[in-house]
Amino acid sequence: MKSNTRQFNDIKTLVRKNILNMKPYASARDEFKGEAEIFLDANENPFSSPYNRYPDPLQWKVKEKLAIIKDVKPEQIFLGNGSDEAIDLVIRAFCEPNDDAILITEPTYGMYAVCAAVNAVKVEKILLTPEFDIDLDAFSASDSKAKVIFLCSPNNPTGNLLSYNKIIEVLNRFDGLVVIDEAYIDFSNSRSFVPELTKYPNLIVLQTFSKAWGLAGLRLGMCFASPEIIQVLNKIKYPYNINSVTQKLALEALNNEQQKNAWVKDLVEQRTRMAMALRKLSITEQVYPSAANFLLVRLKEAFQTYQYLMKKGIIVRDRSNVVLCNGCLRITIGTPQENTQLLDALHNLAAK
Ligand SMILES: *Cc1c(COP(=O)(O)O)cnc(C)c1O
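Residues numbered from 1 in each chain as written. Predicted model: local features only at pLDDT ≥ 70, side-chain atom pairs only at ≥ 80, totals over all residues. Heavy atoms only, no water.

Q: Run through the site of the ligand, naming residues and quoting values.
A: Surveying the vicinity of the ligand reveals 13 residues, the closest of which are Tyr184, Thr208, Ser210, Lys211 and Arg219. Contact between the ligand and Tyr184: an oxygen atom at 2.6 Å from a side-chain N or O atom of the residue. Separating an oxygen atom of the ligand from a side-chain N or O atom of Ser210 is a distance of 2.6 Å. Considering the ligand on its own, with 390 Å² of exposed area, one finds that the protein chains cover 94% of that surface. Tallied by class, the residues present in the shell around the ligand amount to four nonpolar, five polar and four charged. (Near = heavy atom within 4 Å. Polar contact = N/O pair within 3.5 Å; in protein donor to acceptor, adjacent residues only side chain to side chain. Areas by Shrake-Rupley, 256 points an atom, 1.4 Å probe, with all protein chains shown as cover. Nonpolar A, V, L, I, M, F, W, Y, C, P; charged D, E, K, R; others polar.)

Right under this line is the structure:
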């Protein structure tokens, strides 16, 4: 990270020139937004099927509801075809291929590096500490040229929150964009960084409908940032990136937030139960603290355990070859019955 901290000032200095200067596609629904009786502007089939019309390109109904829940303005929200779309668009909008870099803290979610690779953007890597927290000294020591830093909190695959004050420190010191991926924030008892958007114009927060909201199949990711950053993402997204069915079902989910909260409560209880039970097993070396809906567990024989479970029809994620996660499996918290079956299988293995 640069020591003579340039202050982040204007989004226009960060966005790629070609994207700053391009003219975006204007769809029929961009050009006419109001109510009318007869729509003959988008070459749709007029005979009614539930899906004969193009969806709202900017998903205002979903955003208006989400804005109330998250206490932001609708103009501070971008919705993507999964958070993965937002990750890709942020890299594409701000990083020049074959020139710019992103910075990630390993071990972390794989998509940041994959999207960077697809876009011919370099990946600078800094290791997390052995406790899986941000290593600020390593940050300071690096002569990073990164345009964007990706931080994942709670982190996947480790499950822990990064420390709040260290993230603030990164936000203060770094003159590029800081993306905080909060895919698992609902399962933690920590504050989201969304309220910090008013203070940090270089902050982008990602959340998703795929985990706590129980809608992974819909593919809907949320991105919160300044209206200026959101405008850049809107400019380069596919015109109708979120389909009508997804918009309808997302709105229904948002109108039933209690369901999400009830699921979260049950899953957090099950997480406590599973952590305690797994710690007691003789085959376990360590169960890491988790603020997410999964546990990272170090086992004496990780790969053998993984294969044994697979033969029993139980699939967990083998992370034993991931840096700092040697010998670890990542186990998602399931229903109480599923968790019981997993524990029974592991008890049987330990008794062998
Ligand atoms: C699961 C997950 C996501 C969600 O991605 P979607 O594309 O929204 O399904 C994002 N970030 C992390 C770290 C995840 O683990």
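Now that the structure has been shown, the text picks up again.
Q: Provide a residue-level description of the nonpolar core, including the pertinent values.
A: Counting 46 residues, the largest nonpolar core has Leu151, Val170, Phe193 and Phe224 as its most contacted members. Here this core gets five residues from one element, more than from any other, and that element is helix H7 (residues 164-173). Here this core gathers at least three residues from each of two domains, domain 1 (11-255) and domain 2 (258-350). Other than its neighbours up to four places away in sequence, Leu151 contacts Thr105, Ile134, Phe139, Leu162, Ile167, Val170, Val178, Val179, Ile180 and Asp181. Judged by nonpolar contacts, the second largest core, of 33 residues, contains Ile87, Cys95, Ile104 and Ala116. (Core = buried A, V, L, I, M, F, W, Y, C linked by side-chain atoms within 4.5 Å. Buried < 20%, exposed > 50% of the residue type's maximum accessible area, 1.4 Å probe, protein only. Helix = DSSP H or I, 4+ residues; strand = E, 2+ residues; numbered from the N terminus. Domains from an automatic or database assignment. Contact = heavy atoms within 4.5 Å.)

Q: Run through the pattern of salt bridges, naming residues and quoting values.
A: One pass over the structure, following the stated rule, counts 14 salt bridges. Close ionic contact of Lys199 with Glu196 constitutes a salt bridge, the shortest N to O distance being 3.1 Å. Residue Lys199 is classed as exposed on the basis of its relative accessible area of 58%. Of the charged contacts in the structure, one is a salt bridge between Glu257 and Lys260, with a shortest N-O distance of 3.9 Å. Remark: Lys260 and Glu257 occur in helix H10 (residues 257-280); sequence separation between them is three residues, near one turn of the helix. For Lys260, a relative accessible area of 6% corresponds to the buried category. Within this structure, Arg29, Asp41, Glu44 and Arg53 form a network of salt bridges that share partners. (Salt bridge = Lys/Arg side-chain N within 4 Å of Asp/Glu carboxyl O.)

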